[in-house]
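Analysis of the macromolecular model
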Amino acid sequence: MNALSDIAARRASLLARLEAAARGAGRELDAVTLVAVSKLQPDDRIAAALAAGQRVFGENRVQEAQARWSARREALPDLRLRLIGPLQTNKAGDAAALFDAIDTLDREKLAVALAVAAQKLGRSPDILVQVNTGEEPQKAGVSPQEADAFIRLARETYSLPVKGLMCIPPLGEPPAMHFALLAKIAARNGLAELSMGMSGDFETAIRFGATQVRVGSALFGERE
Ligand SMILES: *Cc1c(COP(=O)(O)O)cnc(C)c1O
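All values reported here derive from a predicted model rather than from experimental measurement.

Bringing unusual backbone geometry into the picture now. In this structure, L40 takes a positive phi of about 60 degrees despite not being glycine. Summarising the element assignment, L40 is placed in the loop between β1 (33-37) and α2 (43-51). Owing to a relative accessible area of 42%, L40 belongs among the partly exposed residues under this scheme. Located in the positive-phi region is E135, a residue other than glycine, with phi close to 45 degrees.

This part is about the site of the ligand. Taken together, V37, K39, I84, M166, I168, M198, S199, R214, V215, G216, S217 and R223 are the residues near the ligand. Backbone polar atom of G216 to an oxygen atom of the ligand: 2.8 Å apart, as the coordinates give it. Across the complex, the protein chains shield 88% of the 390 Å² of accessible surface that the ligand would expose by itself. In terms of residue class, the shell around the ligand is made up of six nonpolar, three polar and three charged.

Two elements in contact, α2 and helix α3 (residues 62-73), have axes separated by 12 Å at closest approach and are oriented at 40 degrees. Regarding the angle of α2 to α3, the classification is oblique. The interaxial crossing formed by α2 with α3 has right-handed handedness. Contact with α2, carried on its side by D43, I46, A47 and L50, involves R68, W69 and R72 of α3 and no other residues of that element. Residues belonging to the contact of α2 with α3 are distributed by class as follows: four nonpolar, no polar and three charged.

According to the stated counting rule, one finds one aromatic pair in the structure shown. Considering the side-chain rings of F57 and W69, the 4.6 Å spacing of their centres and the 45 degrees angle between planes classify their relative orientation as tilted. Separated by 12 residues along the polypeptide, F57 in strand β2 (residues 56-59) and W69 in helix α3 bring together distant segments of the chain. Both residues of the pair, F57 and W69, belong to the buried class. We note R72 situated over the ring of W69; from NZ or CZ to the ring centre the distance is 5.6 Å.

Grouped together as the largest cluster of nonpolar side chains are 60 residues, with contacts concentrated most on F57, L105, L160 and L165. If near-sequence neighbours (up to four positions away) are discounted, F57 is found in contact with V35, A36, S38, I46, A49, L50, W69, L79, R80, L81, R82 and F220.

As for its position among the elements, S143 is in the loop between β5 (126-130) and α6 (144-157). Residue S143 is classed as buried on the basis of its relative accessible area of 15%. Setting aside residues up to four positions removed in sequence, S143 forms contacts with V131, N132 and E135.

Residues lying three or four places apart along an α-helix face the same way, a consequence of the helix completing one turn every 3.6 residues. Turning to α2, its buried residues are R45, I46, A48, A49 and L50. The positive-phi residue at the C-terminal boundary of α2 is G53, with phi of around 105 degrees.

As for its placement among the helices and strands, A186 is situated in helix α7 (residues 176-188). It is 9.0 Å that separates the C-alpha atoms of A186 and D148, two residues lying 38 residues apart in sequence. When neighbours within four sequence positions are excluded, A186 is seen to be in contact with L165, L191 and L194.

With that settled, the discussion passes to the pairing of strand β4 (residues 101-105). Walk down a regular strand and you will see the side chains alternate between the two sheet faces. Of all five residues in β4, five are buried; the element is thus mostly enclosed. Across two bridges, the pairing between strand β3 (residues 80-83) and β4 is parallel. Bridge pairing in β4 places R82 opposite A101. The parallel pair β3 and β4 is bridged by helix α4 (residues 92-98), and the resulting crossover is right-handed. In this sheet, β5 lies alongside β4 in parallel orientation, the contact comprising three bridges. Looking at β5, one finds that A101 is bridged to D126. Handedness of the β4-helix α5 (residues 108-121)-β5 crossover: right-handed.

Cut-off values and rules
Residues numbered from 1 in each chain as written. Predicted model: local features only at pLDDT ≥ 70, side-chain atom pairs only at ≥ 80, totals over all residues. Heavy atoms only, no water. Helix = DSSP H or I, 4+ residues; strand = E, 2+ residues; numbered from the N terminus. Buried < 20%, exposed > 50% of the residue type's maximum accessible area, 1.4 Å probe, protein only. Near = heavy atom within 4 Å. Polar contact = N/O pair within 3.5 Å; in protein donor to acceptor, adjacent residues only side chain to side chain. Areas by Shrake-Rupley, 256 points an atom, 1.4 Å probe, with all protein chains shown as cover. Nonpolar A, V, L, I, M, F, W, Y, C, P; charged D, E, K, R; others polar. Axes fitted to C-alpha atoms, helices over the stretch in contact; angles between N-to-C directions. Parallel < 35°, antiparallel > 145°, perpendicular 65-115°, else oblique. Left-handed = near helix turned anticlockwise from the far one by under 90°. Contact = heavy atoms within 4.5 Å. Phe/Tyr/Trp six-rings, centres within 6.5 Å; stacked < 30°, edge-to-face > 60°. Lys NZ or Arg CZ within 6 Å of the ring centre and 35° of its normal. Core = buried A, V, L, I, M, F, W, Y, C linked by side-chain atoms within 4.5 Å. Pairing = 2+ DSSP bridges. Right-handed = clockwise from strand over helix to strand, strands pointing away.

Below is the structure:
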């Protein structure tokens, strides 16, 4: 099989699994969005995913995403780009201009920078707050204990359109407890969006209420 039919077939099977997981959890079939994580993937695979009808993509670097998507945006009015990797404050302006959503707000300095960028642009991308559910020292995200106060700060002090939460559970731990914790924090803060679950665990994430699953390698193949 060539890359194009390969990716189309994998996408169809992922969507079928996603819908089965949603149905099994008693959720609407359209309640969960497949975010195609295109970081570090060669361009022909991106083209294949687009040809197969994929429109929501996740990138983890601003510059890589600009290079790949700036020229394509015009021709694809229904394209939706999400930043799923850490964001430096000095790139907040570029990120706010390119992305429809930034899923990794995790500190006040970045909230300030995004508020300034939104002011200049006259619009803001949707914002998710990243929560470090496993409280791993090397991982980004606010701690679960700080989450409520930080969400309030982002919404009230900086007027950011916070729509939900995102997490990356610790490697090698069963993710269910982390998904459940993220869902609980979202519920008590009245947040509807939950970005959780990747290639290896998205069905579990859907059971716990994921509204977006971030799938890279299971769609595109291994990253180069
Ligand atoms: C790379 C990445 C993914 C996708 O990982 P796969 O295992 O390839 O599905 C999901 N979320 C984040 C934050 C990532 O950086």
